[in-house]
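Here is what each chain is made of, one letter per residue.
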Amino acid sequence: MGRKDLSFEQKRELIENSNFYWKIYWYSYPYVRKARVKVTVKEKKRSKEELKDLTQSISTGPLRLDLLSRAELLYGISIQDDIGIQKKMYYEYNQKYDNSTSNNNLGALYLKIALNELEDSSKKQLYIDSADFYLTKSIEKHKKPINHHNKAILNLIKGNPSEALNHSKKSLELYNGIESNKSVYNETLASTYYLLGDYRNAARFFKKVNQSANISFNIGLCYLFLNNFENAEDFFTEASKQNEQWVLPYYGLTILYARLNNYEELDGLILKIFEKDKELHSRLKQDVELSDYWEYKKQQNVN
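Scope of this entry: the structure provided in the associated data block. In this text the structure is predicted, and so the values were computed from the model without any measurement. (Residues numbered from 1 in each chain as written. Predicted model: local features only at pLDDT ≥ 70, side-chain atom pairs only at ≥ 80, totals over all residues. Heavy atoms only, no water.)

Right, let's talk about the pattern of salt bridges for a bit. In total, this model carries 9 salt bridges according to the counting rule given. Notably, a salt bridge pairs Asp267 with Lys297, separated by 3.3 Å at the nearest N-O pair. Here Lys297 lies in helix 17 (residues 291-302) and Asp267 lies in helix 15 (residues 263-276), a separation of 30 residues in the sequence. Residues participating in the shared-partner salt-bridge network are Asp98, Lys137 and Lys141. (Salt bridge = Lys/Arg side-chain N within 4 Å of Asp/Glu carboxyl O. Helix = DSSP H or I, 4+ residues; strand = E, 2+ residues; numbered from the N terminus.)

The contact between helix 8 (residues 145-157) and helix 9 (residues 161-174) brings their axes to 8 Å, and the two run at 165 degrees. Between helix 8 and helix 9, the angle falls in the class roughly antiparallel. In terms of crossing hand, the pair formed by helix 8 and helix 9 is left-handed. Facing helix 8, whose interface residues are Pro145, His148, His149, Lys151, Ala152, Asn155 and Leu156, helix 9 presents Pro161, Glu163, Ala164, His167, Ser168, Lys170, Ser171 and Leu174. The residue makeup of the contact of helix 8 with helix 9, split by class, is 6 nonpolar, 6 polar and 3 charged. (Axes fitted to C-alpha atoms, helices over the stretch in contact; angles between N-to-C directions. Parallel < 35°, antiparallel > 145°, perpendicular 65-115°, else oblique. Left-handed = near helix turned anticlockwise from the far one by under 90°. Contact = heavy atoms within 4.5 Å. Nonpolar A, V, L, I, M, F, W, Y, C, P; charged D, E, K, R; others polar.)

By the secondary structure assignment, Thr101 is in helix 6 (residues 100-116). The spatial distance from the C-alpha of Thr101 to the C-alpha of Lys141 is 9.1 Å, given a sequence separation of 40 residues. If we skip the residues at most four places from it in the chain, Thr101 touches Leu74 and Lys144. Engagement of the side chain of Thr101 in a polar contact is seen with the side chain of Lys144, the distance being 2.8 Å. (Polar contact = N/O pair within 3.5 Å; in protein donor to acceptor, adjacent residues only side chain to side chain.)

Further remarks concern helix 13 (residues 229-242). Along its 14 residues, helix 13 runs 20 Å from first to last C-alpha, staying within 8% of the 20 Å computed at 1.5 Å per residue. Restricting attention to buried positions, one finds in helix 13 the residues Ala232, Phe235, Phe236, Ala239 and Ser240. Relative to the axis of helix 13, the buried residues are bounded by an arc of 140 degrees and lie together on one face. Exposed residues lying more than 90 degrees from the buried face of helix 13 are Glu230 and Lys241. (Expected span 1.5 Å × (residues − 1). Buried < 20%, exposed > 50% of the residue type's maximum accessible area, 1.4 Å probe, protein only. Arc of directions from axis to C-beta.)

Okay, the nonpolar core next. In terms of nonpolar packing, the biggest core is built from 40 residues, with Phe206, Ile219, Leu224, Phe236 and Leu266 touching the most fellow members. In terms of residue count, the dominant contributor to this core is helix 12 (residues 213-225) (7 residues). When sequence neighbours within four positions are dropped, the list of residues in contact with Phe206 reads Glu187, Ala190, Ser191, Gln211, Ile215, Asn218, Ile219 and Cys222. Grouped together as the second largest cluster of nonpolar side chains are 23 residues, Leu73, Ile77, Leu111 and Ala114 included. (Core = buried A, V, L, I, M, F, W, Y, C linked by side-chain atoms within 4.5 Å.)

Structure representation (structure tokens):
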């Protein structure tokens, strides 16, 4: 008797006794069904403006953090223009959830405020201490690239580049996301190496950062300190092309040509600096790197 001669019940019995049936029915199907249900009941996403307004209204009334999902609430806080609202909401969020993310967000906000509190040193120190407390707590709860990165920046502010180096290396070690997003971690590590006087490693990691006039200028400086004048010239020139209005790449080239005693190139550069930034041009007169050049110009005028 062939399969087509079997009754429906007999066919079902054959299928249910096969290995494939049990794999599909008991293992695959429940997950497929669960995923489909999850997609079906997913709420409509709120717009950026809606989240911003809802988060602000929560902050001004009785705090009902459960009115939004955690992801919506965190995003809503992050796009607030008022740093006072951000501070209040991040603090309350951390009081409620007290996890690695909540401590990191609060610590990062205090770090941001500390960077802006330049006039009142005691107030600045208070925010630095608060940032240190919450970022340390964040790392203790769960080591993530972002909290080590923030701790690295904090230590740079505190004047501890060696400790910053440890955290910066750790952030790169832990990071396994999109390569382009790695840029900010590479930049912090490069800056730390630069402050430690390790210009070779600083240049190496600056090259891994998304390129801009600022980054090209930093690489040029590293090569200048390494007396690699050819590479320094290339990167200063690149920086001047990336941002033609920015005067610092021309200043870098000025120091470079002064060290090479290339006074012919210096004449043109100093004229460019005069045209772009008269205040910087006046400071060049006191720059010790250019003392021989100014002496040379004085002798030229005498003759």
